[in-house]
Amino acid sequence: MRKIIIDCDPGIDDALALMLALSSPELDVLGITTVSGNVPAQMGADNALKVLRHMNRLDVPVYCGAEVPLKRDYVDAKDTHGEDGLGETNYPKVDGVSWSNGAVDFIIETLQKETGVSIIAIGPMTNIALALQKCPEAFQRLEEFVSMGGNFKSYGNCSPVAEYNYWCDPDAANYVYQNLGTMIHMVGLDVTRKIVFTPTIADFCQRIHPSNGTFAKQITHFYNEFHWKYERIIGCVINDPLAIAYFMDRELCSGIYAYTMVVTDGVCIGQTVVDSMNFWKKEKNSYVLTKVNQIDFMKLFLKRVFQAKESDLDIIFNAG
Ligand code: BDR
Ligand code: CA
């Protein structure tokens, strides 16, 4: 089992990413940390607990982190994820178990205490930057770092050039790119845009796994409406589960090694500048994913979260 911390902002696709991680026997989720992004960090922590309750995994600790970005004003994404962050499902708060404060210290202490810990960051990188600023030595023990965010050749999703997680806290994202000292696996919009959870797939999930399927269908309903309105997509792009899946199976994606920076001001704020042609002759700090096998991703996702069998998968992938 590989030890991971998931830093997130649940968030509809974050919730699906947590479900994937918790359903995967090769992952040991040491803790979930939340950051202000799609929704404020405290609401995200409440939502993480709701997902854990659904998955019967309230043993996993949840830590709430940074409430605002390092420098710029906080802008949530409730227009995309709903007022409650889970598609306005308004599931009741978890009783009896609560989250703790101190996400940044949890990240540092876990890296110091445990060996072989990786971080998968699927929200703005404020917590990661703060932990790195506070205790850079702890990060020398980091095994791997996967970040959902950014875009190389694809267009942005909250400005013409910027992806939400990096746009929300560009200073944190850039700080991490410049200072982490470990290759950042950048799972950006170039690959995540290809991951579409369609209403047909959602129906299928509900039939083969009524509990997880109904949960997934309910939380994605609001997201589908948003995608139709703004992107003319039937279904929804689920970015974050790809970061988890890629961490488990490198064959799903491929990319390029390059030096990357994140623009921290001006009209291009939040944009990732990927020096793919090595103009700047800087040390490569990232592996930027450019290709994904979306069918293989979806098969893994369906097998893990909804326990789809090979014969079930034929219904979706080899119909007719
Ligand atoms: C990212 O932004 C958030 O809205 C999603 O949860 C995902 O992490 C996609 O740009
Ligand atoms: Ca997210």
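Please read all numbers here as calculations on a predicted model, not as lab measurements.

(A) A look at the overall build of the protein. The helix and strand inventory of the protein stands at 13 helices and 12 strands. Computed over the C-alpha atoms, the radius of gyration of the protein is 18 Å, within 12% of the 20 Å expected from 2.2 N^0.38 for a compact globule of 320 residues. Dimensions of the protein, computed from C-alpha atoms along their principal axes, come out at roughly 50 × 45 × 35 Å. When each of the 320 residues of the protein is scored for burial, the buried share is 58%. Within the protein, contacts between residues separated by at least 24 positions form 80% of all contacts whose residues are at least 6 apart in sequence. For the protein, the accessible surface area stands at approximately 13,200 Å², while carbon and sulfur atoms represent 49% of it. Computing the positive centroid from 28 side-chain charges and the negative centroid from 39, the protein places the two 4 Å apart.

(B) Region of interest: the site of ligand 1. Surveying the vicinity of ligand 1 reveals the residues Asp 13, Asp 14, Asn 38, His 81, Ile 122, Met 148, Asn 157, Glu 163, Tyr 164, Asn 165, Asn 239 and Asp 240. Contact between ligand 1 and His 81: an oxygen atom at 3.0 Å from a side-chain N or O atom of the residue. Within the side chain of Asp 240, one N or O atom sits 2.6 Å away from an oxygen atom of ligand 1. Out of a free accessible area of 280 Å², ligand 1 has 96% covered by protein chains. Elements with a contribution of two residues or more to the shell around ligand 1: α1 (12-22) and α6 (164-168). Residue composition of the shell around ligand 1, by class: three nonpolar, five polar and four charged.

(C) Representation of the pairing of strand β6 (residues 142-148). Buried residues dominate β6, accounting for six of its seven residues. Bridging between strand β5 (residues 117-121) and β6 involves four bridges; their strand directions are parallel. Residue Ala 121 lies in a different strand from β6, and its bridge partner there is Ser 147. For the crossover from β5 across helix α5 (residues 126-134) to β6, the handedness is right-handed. Where β6 lies against strand β7 (residues 184-187), four bridges are found, and the strand directions are parallel. Bridging from a neighbouring strand, Phe 145 pairs with Ile 184 of β7.

(D) Molecular detail of the side chain of Asn 127. In this fold, Asn 127 is placed in helix α5. A distance of 2.9 Å separates a polar atom in the side chain of Asn 127 from the backbone oxygen of Thr 34. If we ignore the near neighbours within four places in the chain, the residues touching Asn 127 are Asp 7, Thr 33, Thr 34, Val 35, Gly 65, Ala 66, Ala 103, Val 104 and Ile 107.

(E) Just a nonpolar patch on the surface, in detail. A surface patch of nonpolar side chains, amounting to about 420 Å² of accessible area, comprises Met 277, Phe 279 and Trp 280. One can find Met 277 in the loop between β11 (272-275) and β12 (286-292).

(F) Layout of the confidence of the model for the protein. With 99% of its residues at a pLDDT of at least 70, the protein reaches an overall mean of 97. When mean pLDDT is taken per element in the protein, β5 scores highest with 99 and helix α13 (residues 310-317) scores lowest with 88.

(G) Representation of the sheet that holds β6 in the model. Strand order in the open sheet formed by 10 strands is β4-β3-β2-β1-β5-β6-β7-β12-β10-β11, with mixed pairing between adjacent strands. Each edge of the open sheet is held by one strand with a lone partner, namely β4 (100-101) and β11. Judged from the seven bridges that link them, strand β1 (residues 2-8) and strand β2 (residues 27-34) form a sheet pairing that is parallel. Counterpart to Ile 5 in the pairing with β2 is Gly 31. Seen against the sheet, helix α7 (residues 170-179) touches β6, β7, β10 (253-262) and β12 and runs at an angle of roughly 110° to β10.

(H) Just the coordination of the calcium ion (ligand 2), in detail. Listed as protein donors to the calcium ion (ligand 2) are Asp 9 (OD), Asp 14 (OD), Asp 14 (OD), Ile 122 (O) and Asp 240 (OD); their distances from the metal cover 2.3 to 2.6 Å. We note that the donor set of the calcium ion (ligand 2) lies within a single chain, spaced as D-x4-D-x107-I-x117-D. With Asp 14 in helix α1 and Ile 122 in the loop between β5 and α5, this residue pair connects regions lying 108 residues apart in the sequence.

Basis of the calculations
- Residues numbered from 1 in each chain as written.
- Chains lettered and ligands numbered in written order.
- Predicted model: local features only at pLDDT ≥ 70, side-chain atom pairs only at ≥ 80, totals over all residues.
- Heavy atoms only, no water.
- Helix = DSSP H or I, 4+ residues; strand = E, 2+ residues; numbered from the N terminus.
- Rg over C-alpha atoms; globule rule 2.2 N^0.38 Å.
- Buried < 20%, exposed > 50% of the residue type's maximum accessible area, 1.4 Å probe, protein only.
- Contact = heavy atoms within 4.5 Å.
- Areas by Shrake-Rupley, 256 points an atom, 1.4 Å probe, with all protein chains shown as cover.
- Lys, Arg positive; Asp, Glu negative; His and termini not counted.
- Charge placed at Lys NZ, Arg CZ, Asp CG, Glu CD.
- Near = heavy atom within 4 Å.
- Polar contact = N/O pair within 3.5 Å; in protein donor to acceptor, adjacent residues only side chain to side chain.
- Nonpolar A, V, L, I, M, F, W, Y, C, P; charged D, E, K, R; others polar.
- Pairing = 2+ DSSP bridges.
- Right-handed = clockwise from strand over helix to strand, strands pointing away.
- Patch = residues over 30% accessible without salt bridge, like charges linked within 9 Å, V, L, I, M, F, W, Y side chains within 5 Å.
- Salt bridge = Lys/Arg side-chain N within 4 Å of Asp/Glu carboxyl O.
- pLDDT = per-residue confidence, 0-100.
- Axes fitted to C-alpha atoms, helices over the stretch in contact; angles between N-to-C directions.
- Donors = N, O, S within 2.8 Å, 3.2 Å for Na, K, Ca; no water.

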